[in-house]
Amino acid sequence: MSSSHPGNQESHAPAQPAVSFLQKPAVCALIVALFIGIGVGRIVSTYHVFNHTIDEGAHLACGIQWFQNSYTYDQKHTPIARISIALLPYISGVRGYGDPSFWQEGVLVLSSGGRYWHNLTLARVAVLPYYAGAIVVIFLWTKRVYGSATALIAAGIFSMLPVVLAHSAVATTDIPLTAFFTLAVYAFTRWISDPSWRTAAAFGTATGLAIATKLSTLAFLPPIMAGVVLLYFATQRPSAAPAPVDPNRNRWGIRSMRGALRSTALATLCMFLVIWAAYRFSHAPIKKFSSAPDKIAARVFGPSSSATKGVQFLTATLHLPAPELYDGLRELRDTNRSAPRSYLFGEVKDGGWWYFYPIAIAVKTPLAVLLLALIGGVSLAVNWLRNRSDWQRAVPIVAFLGPIVAAAPTKLDIGVRHVMPVFAFLSMLAAVGAVKLWNCRPANTRDSRLPLFAGRTAVVVLFAWFMVSSARAHPDYLSYFNEFGGSNPSNILVISDVDWGQDYTRLSTYLREQQIKHVSIASDTYFDPATLGFPETVLLQCRETATGWIAVEERRARVHPECYEWITSQPLKTYVGKTMRVYYVPGPTGAPQ
């Protein structure tokens, strides 16, 4: 498992023989394809186990609306992932219904033509290329910096993470963002290390794709870029022999002011064009973006002055690009300010906690991977601090921490999926840790056979533990928790980390098997009971009581406990799937059963 790569050996470690077999491109391609194929098989096998999650219908509705030349639904999400999700359903004939609520529109388009499972499967399939793309980017980046063996391990780890499999199986934006965001960070390191117009354009294009997939890129990418630049300038350059003059470094590199400005301009242009293209090159008058110029002119010059009329003329005639993007940014700002309810350790709070995401990552990642990532991260950090050389090896540490730091002050603590890109960098660190442990040879030990045997045994045990954990999670990847989660992970997290409304198919099957003719449901999910084969169904509102058979979403019960105090005193009949509580409350004689 030794990984031979120029400049990648630590100073105290003896050189390792190259694993020539794993360095063959055809072998690497075959192994990566195998990882992707196995992962895709596991993902697709869950499609008909779970109905649509809360967000899937909404994303599909927004994508269908884009294909019908509009984008007014839920603009806080940029459109690329939604376009992908809606492409095959649109080709198959699905069209929008124009419902004012994009949530209800999602229910309608999923059920369009009476082909619910067909439409949902077509939407979900669109995420698979992003899953595969993320694996390929992780492999290529890791191979370039650490070598082939480490790259294959990183790709394999990412492909088997339960949280990655979970979100690759649903038609949402998180895995598409992970693919493009990882590509953007990689492209940034390529531009810094090998500045040219090509690498600058590639970085701008990748960043544009990431932003046009999800606006969280605007929060996550800047701290990573700042950290990488600091690493780059803090790294010591060899002084023994002067490096040959590279005209591209002066023309496009960040060590030259003109080069930095030139590269920034090109990258910004490429980024802008990609984002604008995602909105079909839409444009609108300035006054549609903001009424502030007109108000300021009226206040300064008077409402009937010629100057004010001139400003009003300009704001009505001059157009700016992508008004939907501006509206989306404003909508995202307002959503964050509204501080939606969050849940952590049994406590409900408006706006959440700064430490939400570190805890979510700690309990949603297999412990074996966390241990390997810790070993890899510490070894890379110590080596860089000791030698101040090869800044690229330390980039995954910065890339892992960047989104977590950026997300800490936000008020949207509603699932680890919101920092999904960190799992790409965590996989890279874990792979480095695995190779470090496999090649363990303490410098001060005469006989290195025992440490070497112990290290390799530890790697085998950790990977066996990881693979068993991943396999045991099937098909409930979405509700996976490591051993820290305990017997009831809902005591720690619940919103989209345990319950995302995915168990209604199982509930429908249970009710049918029990020959139950009437059910009352407390739900956060928008769905059509008839489409999923439910009997006569009543959807309970907050504090509304009922008798007979009652199902309560775990998410609903945990996040809105004040609504269901009346039911918690009743004996629990059973759990269906991982998320549905089922009660039976006796009612008057003759009530429907």
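On a predicted model such as this, the values are computed, not experimentally measured, just so you know.

Trainee: Looking at this model, I keep getting lost on the overall build of the protein. Mind explaining?
Mentor: Within the protein, the secondary structure is distributed over 26 helices and nine strands. C-alpha extents for the protein along the principal axes are approximately 90 × 80 × 45 Å. Considering the protein as a whole, with its 593 residues, one finds that 55% of them fall into the buried category. The long-range share in the protein, meaning contacts at least 24 apart out of those at least 6 apart in sequence, stands at 73%. On the protein, roughly 25300 Å² of surface is accessible, and the fraction owed to carbon and sulfur atoms is 63%. Computing the positive centroid from 51 side-chain charges and the negative centroid from 33, the protein places the two 11 Å apart.

Trainee: Is there a simple way to think about the state of the cysteines in this case?
Mentor: Such a bond, covalent and formed between the sulfur atoms of two cysteines, is termed a disulfide. A complete count under the given rule lists one disulfide for this structure. Across the disulfide, Cys-542 is cross-linked to Cys-563 (sulfur-sulfur distance 1.9 Å). For the disulfide bridge between Cys-542 and Cys-563, the dihedral angle about the S-S bond is near -90°, and by the sign convention the bridge is left-handed. Here Cys-542 is found in the loop between strand 6 (536-539) and strand 7 (548-553), whereas its partner Cys-563 is found in the loop between helix 25 (554-559) and helix 26 (565-568), with 21 residues between them in sequence. Take Cys-542: its relative accessible area is 31%, and that puts it in the partly exposed class.

Trainee: What's the story with the environment of Val-405 in this structure? I'm lost.
Mentor: For Val-405, the position within the fold is in helix 21 (residues 395-407). The exposure class of Val-405 is exposed, given its relative accessible area of 55%. The spacing of Val-405 and Leu-88 is 317 residues in sequence and 37 Å in space, taken between C-alpha atoms.

Trainee: What should I look at first to understand the confidence of the model for the protein in this one?
Mentor: Low pLDDT marks regions whose predicted coordinates should not be analysed in detail. Here the protein shows a mean pLDDT of 91. Residues at 70 or above account for 92%. Across residues 6-18, where pLDDT falls below 50, the model places 26 contacts with residues more than four positions away in sequence or in other chains.

Trainee: I would appreciate a short explanation of the packing of aromatic side chains in the present structure.
Mentor: Note on aromatic pairs: each is described by the distance of the centres and the angle between the planes. Taken as a whole and assessed by the stated rule, the structure comprises 26 aromatic pairs. Here a set of aromatic residues connected by ring pairs shows up, and it is made of Trp-141, Phe-181, Tyr-186, Phe-220 and Phe-425. In this arrangement the basic side chain of Arg-95 is found over the ring face of Tyr-90, its NZ or CZ atom lying 3.7 Å from the centre. When the ring centre of Trp-66 is taken as reference, the NZ or CZ atom of Arg-280 above it lies at 4.8 Å.

Trainee: Before we go on, may I ask you to explain a nonpolar patch on the surface in this structure?
Mentor: A surface patch of nonpolar side chains, amounting to about 310 Å² of accessible area, comprises Leu-87, Leu-88, Ile-91 and Val-125. Looking at which element gives the most residues to the nonpolar patch, the answer is helix 4 (residues 80-91), with three residues. Overall, the relative accessible area of 30% leaves Val-125 in the partly exposed class.

Trainee: What exactly am I supposed to notice about the nonpolar core here?
Mentor: A general trend in soluble globular proteins is that nonpolar side chains are found buried together. In terms of nonpolar packing, the biggest core is built from 162 residues, with Phe-423, Leu-507 and Phe-534 touching the most fellow members. Among the elements that take part in this core, helix 22 (residues 422-438) stands out by supplying 14 residues, more than any other. Phe-423 has contacts with Phe-158, Leu-161, Val-163, Val-164, Ile-361, Thr-365 and Val-416, leaving out every residue within four places of it along the chain. Grouped together as the second largest cluster of nonpolar side chains are eleven residues, Ala-522, Ala-546, Ile-550 and Tyr-564 included.

Trainee: Help me understand the packing of helix 3 (residues 56-67) against helix 4 in this model?
Mentor: Each pair of packed helices gets described by two things: the angle between the helix axes and the distance between those axes. Where helix 3 meets helix 4, the closest approach of the two axes is 8 Å, and the angle between their N-to-C directions is 75°. The orientation of helix 3 with respect to helix 4, classified from their angle, is roughly perpendicular. Counted together, His-59, Leu-60, Cys-62, Gly-63, Ile-64, Trp-66 and Phe-67 of helix 3 and Arg-82, Ile-83, Ile-85, Ala-86, Leu-87, Pro-89 and Tyr-90 of helix 4 form the full contact between these two elements. Within the contact of helix 3 with helix 4, the residues separate by chemical class into eleven nonpolar, two polar and one charged.

Trainee: Would you mind going over helix 6 (residues 116-125) with me for this structure?
Mentor: Along an α-helix, a turn takes 3.6 residues, which lines up residues three or four apart on a common side. Where helix 6 is concerned, the buried positions are Tyr-116, Asn-119, Leu-120, Leu-122, Ala-123 and Arg-124. Looking at the buried positions of helix 6, the neighbouring elements they touch are helix 3, helix 4, helix 5 (102-110) and helix 7 (128-146).

Trainee: How should I be thinking about the pattern of salt bridges in this particular structure?
Mentor: Opposite charge on two side chains permits pairing when their charged atoms draw close. The full count for this structure, using the stated rule, is 17 salt bridges. For Lys-76, the salt bridge is made with Asp-74, and the minimal N-O distance between the two is 2.5 Å. Put simply, Asp-55, Asp-174, Lys-214 and Arg-417 are held in one network by salt bridges that share partners.

Trainee: Is there a simple way to think about the sheet that holds strand 7 in this case?
Mentor: Paired through backbone hydrogen bonds, the strands of a sheet run either parallel or antiparallel to each other. Spatially, five strands are ordered 6-5-7-9-8 in an open sheet, and the strand pairing comes out mixed. Among the strands making up the open sheet, the edge pair consists of strand 6 and strand 8 (572-576). In this sheet, adjacent strand axes meet at a mean angle of 25° when their direction is disregarded.

Trainee: Looking at this model, I keep getting lost on helix 18 (residues 323-337). Mind explaining?
Mentor: The terminal C-alpha atoms of helix 18 lie 21 Å apart, and with 15 residues this matches the ideal 21 Å at 1.5 Å per residue to within 8%. Listed as buried for helix 18 are Pro-323, Glu-324, Leu-325, Asp-327 and Gly-328. Tucked inside the fold, the buried residues of helix 18 contact helix 14 (257-278), strand 1 (283-285), helix 15 (286-289) and strand 2 (319-321). Residue Ala-339 follows helix 18 closely and has a positive phi angle near 50°.

Trainee: What is the right way to read the side chain of Asp-74 from this model?
Mentor: Relative to the assigned elements, Asp-74 resides in the loop between helix 3 and helix 4. Residue class for Asp-74 comes out buried when judged on its relative accessible area of 7%. A polar side-chain atom of Asp-74 sits 2.5 Å from a polar atom in the side chain of Lys-76. Every residue in contact with Asp-74, bar those within four places of it in the chain, is listed here: Cys-62, Arg-82, Phe-102 and Glu-331.

Trainee: What is the right way to read the pairing of strand 7 from this model?
Mentor: Where a strand is regular, its side chains alternate between the two sheet faces. Of all six residues in strand 7, six are buried; the element is thus mostly enclosed. In the sheet, strand 5 (residues 518-522) pairs with strand 7 via three bridges, with the strands oriented parallel. Each residue of the ladder has a partner; that of Ile-521, found in strand 7, is Ala-551. Of the strand pairs in this sheet, strand 7 and strand 9 (residues 580-585) are connected by six bridges, and their pairing is antiparallel. Residue pairing across strands places Glu-553 opposite Met-580, the latter belonging to strand 9.

Trainee: Help me understand unusual backbone geometry, please; the structure alone is not making it clear to me.
Mentor: The amide bond that connects His-474 to the next residue, Pro-475, takes the cis arrangement and shows omega of -5°. With a phi close to 50°, Phe-345 is a non-glycine residue in the positive phi region. Tracing the backbone through its elements, the reader meets Phe-345 in the loop between strand 3 (341-344) and strand 4 (347-350). Positive phi, normally seen in glycine, also occurs at Ser-496, with a value near 65°. In this fold, Ser-496 is placed in the loop between helix 23 (449-472) and helix 24 (504-513). Given a relative accessible area of 1%, Ser-496 falls into the buried group.

What counts and what doesn't
Residues numbered from 1 in each chain as written. Predicted model: local features only at pLDDT ≥ 70, side-chain atom pairs only at ≥ 80, totals over all residues. Heavy atoms only, no water. Helix = DSSP H or I, 4+ residues; strand = E, 2+ residues; numbered from the N terminus. Buried < 20%, exposed > 50% of the residue type's maximum accessible area, 1.4 Å probe, protein only. Contact = heavy atoms within 4.5 Å. Areas by Shrake-Rupley, 256 points an atom, 1.4 Å probe, with all protein chains shown as cover. Lys, Arg positive; Asp, Glu negative; His and termini not counted. Charge placed at Lys NZ, Arg CZ, Asp CG, Glu CD. Disulfide = S-S within 2.5 Å. pLDDT = per-residue confidence, 0-100. Phe/Tyr/Trp six-rings, centres within 6.5 Å; stacked < 30°, edge-to-face > 60°. Lys NZ or Arg CZ within 6 Å of the ring centre and 35° of its normal. Patch = residues over 30% accessible without salt bridge, like charges linked within 9 Å, V, L, I, M, F, W, Y side chains within 5 Å. Salt bridge = Lys/Arg side-chain N within 4 Å of Asp/Glu carboxyl O. Core = buried A, V, L, I, M, F, W, Y, C linked by side-chain atoms within 4.5 Å. Axes fitted to C-alpha atoms, helices over the stretch in contact; angles between N-to-C directions. Parallel < 35°, antiparallel > 145°, perpendicular 65-115°, else oblique. Nonpolar A, V, L, I, M, F, W, Y, C, P; charged D, E, K, R; others polar. Pairing = 2+ DSSP bridges. Expected span 1.5 Å × (residues − 1). Polar contact = N/O pair within 3.5 Å; in protein donor to acceptor, adjacent residues only side chain to side chain.

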